[in-house]
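Structure assessment
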Amino acid sequence: MSAPAEPAPIPSRIPAEPAGPTVPGAVVDLLGLVAYGELVAFDRMAADARLAPDLARRAVLSEMAAVEIANYRRLADRLTELGVPPGEAMAPFVPALQSYHDSTEPKDWLEALTKAYVGDAVADDFLREMAGFLAEPDRQLVLDVLHGSRYDEFAGQEIRLAIQADPKVANRLSMWARRLVGEGLSQAGRTAGERVALTALIATGFDDQSGVQTLFKRLTAAHTARMSAVGLNN
């Protein structure tokens, strides 16, 4: 079967200039959240690399893990520059992210790749939107550390090849992807409820509730296109 078309990039709503000053607490929270996400991604990719079926694939994922720890260092340095210890900024997000990763531990190489391709991409889409509410240089820093196209292309191609070799794999990975998104949304809601500054950042970024609904429609559309691009079902 022929490979589905790649999904179109999520429509950006990042303004040319931020609409107004960002609450400092929200900046620290967002940078702390992204920093901890990068640190966990490093740990996870290094572990997932051992699930690779050969040394070439193991090397690719190990190289990507190295990028994650370099991104963490940039965020940690920025937090230090702002006068906030990185550990202090990251600490509030440890329970939710740890719970997500504990409940979505991949059992094999394909589950690990699907978690990277689906779970990380949804988080990146959301953070890309949130970056639009920050002033420089924090806006560009967040955008810079989001996963690059090489990451998505590698995981997506591996999933497509696996489905071409065994079409039954699509059902298993589709169910796994739905679980990933469900767990991710659950923990995101938990975090939003606990971090008032982050909630305020989202609220001030939109004029009314319809703006928030539009955001989630964009995120859902991007996720649906991404799933279809590799032969997975929502």
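Residues numbered from 1 in each chain as written. Predicted model: local features only at pLDDT ≥ 70, side-chain atom pairs only at ≥ 80, totals over all residues. Heavy atoms only, no water.

**Considering the overall build of the chain**
Regarding its fold elements, the chain presents ten helices and zero strands. What you see in the chain, going N to C, is helices and strands ordered as α-α-α-α-α-α-α-α-α-α. Going through the 234 residues of the chain one by one, you find that 46% of them count as buried. Pairs at least 24 residues apart make up 82% of the contacts formed inside the chain by residues separated by at least 6 positions. With the model as given, the accessible surface of the chain reaches about 11300 Å², and the carbon-plus-sulfur share is 60%. (Helix = DSSP H or I, 4+ residues; strand = E, 2+ residues; numbered from the N terminus. Buried < 20%, exposed > 50% of the residue type's maximum accessible area, 1.4 Å probe, protein only. Contact = heavy atoms within 4.5 Å. Areas by Shrake-Rupley, 256 points an atom, 1.4 Å probe, with all protein chains shown as cover.)

**Examining the packing of aromatic side chains**
Two aromatic rings are characterised by how far apart their centres lie and by the angle between their planes. If you walk through the whole model with that rule in mind, you get one aromatic pair. Ring geometry for Trp-109 versus Phe-154: centroids 6.3 Å apart, planes at 70°, classification edge-to-face. Of the two residues, Trp-109 sits in helix H5 (residues 109–131) while Phe-154 sits in helix H7 (residues 149–165), which places them 45 residues apart along the sequence. With respect to class, Trp-109 is no different from Phe-154; both count as buried. (Phe/Tyr/Trp six-rings, centres within 6.5 Å; stacked < 30°, edge-to-face > 60°.)

**Description of empty space enclosed by the protein**
The final tally for this structure, using the stated rule, is two cavities of 30 Å³ or more. If you add up the space inside the largest cavity, you get close to 70 Å³. Considering the residues around the largest cavity, the lining is formed by Arg-44, Met-45, Asp-48, Leu-61, Met-64, Ala-112, Leu-113, Ala-116, Tyr-151, Phe-154 and Ala-155. Of all the secondary-structure elements, those providing two or more residues to the lining of the largest cavity are helix H1 (24–48), helix H2 (55–81), H5 and H7. Class assignment of the residues belonging to the lining of the largest cavity gives a composition of nine nonpolar, no polar and two charged. (1 Å grid on protein atoms, 1.4 Å probe; cavity = no way out; pocket = protein on both sides within 12 Å on 5 of 7 lines; lining within 4 Å. Points joined across faces, edges and corners; volume = space filled by probe spheres on them. Nonpolar A, V, L, I, M, F, W, Y, C, P; charged D, E, K, R; others polar.)

**Some thoughts on the pattern of salt bridges**
Counted under the stated rule, the structure contains 16 salt bridges. In this structure, Arg-78 and Asp-138 form a salt bridge, with 2.6 Å as the shortest nitrogen-oxygen distance. Here Arg-78 is found in helix H2, whereas its partner Asp-138 is found in helix H6 (residues 138–145), with 60 residues between them in sequence. When the shortest N-O distance is used, the salt bridge between Lys-107 and Glu-111 registers 3.1 Å. One connected set of salt bridges, linked through shared partners, spans Lys-107, Asp-108, Glu-111 and Arg-172. (Salt bridge = Lys/Arg side-chain N within 4 Å of Asp/Glu carboxyl O.)

**Side note on the nonpolar core**
Ranked by size, the top nonpolar core spans 33 residues in total, and within it Leu-30, Leu-31, Leu-33, Leu-75 and Leu-201 carry the most contacts. If you tally residues by element for this core, the top one is H1, at ten residues. Excluding residues within four positions of it along the chain, Leu-75 makes contact with Leu-31, Val-34, Ala-35, Glu-38, Leu-141 and Val-145. Counting 27 residues, the second-largest nonpolar core is a separate cluster that includes Met-64, Leu-110, Val-230 and Leu-232. (Core = buried A, V, L, I, M, F, W, Y, C linked by side-chain atoms within 4.5 Å.)

**Observations regarding the layout of surface pockets**
The space that makes up the largest pocket amounts to roughly 1200 Å³. Forming the boundary of the largest pocket are 42 residues, of which Val-122, Ala-123, Phe-126, Gly-184 and Ala-188 lie nearest the centre. Mapped onto the lining of the largest pocket, the elements with two or more residues apiece are H1, helix H4 (94–103), H5, helix H8 (169–194), helix H9 (196–204) and helix H10 (209–229). Looking at side-chain class alone, the lining of the largest pocket contains 26 nonpolar, eleven polar and five charged residues.

**Some remarks on the confidence of the model for the chain**
Looking at the chain, pLDDT values average 84 and 85% of them are 70 or higher. No element of the chain has a lower mean pLDDT than H9, which averages 72, and none a higher one than helix H3 (residues 86–90), which averages 96. Predicted confidence for residues 1–23 stays below pLDDT 50, and this span has 43 contacts to residues more than four positions away or in other chains. (pLDDT = per-residue confidence, 0-100.)

**Quick look at H5**
Given 3.6 residues per turn, any residue in an α-helix points the same way as the ones three and four places further on. Given a rise of 1.5 Å per residue, 23 residues ought to cover 33 Å, and the 31 Å separating the end C-alpha atoms of H5 matches this to within 8%. The sharpest bend along H5 comes to roughly 25°, located at Ala-121. Taking burial as the measure, the 23 residues of H5 include 19 buried ones, the bulk of the element. (Expected span 1.5 Å × (residues − 1). Bend = angle between axes of the 7 residues up to and from the residue.)

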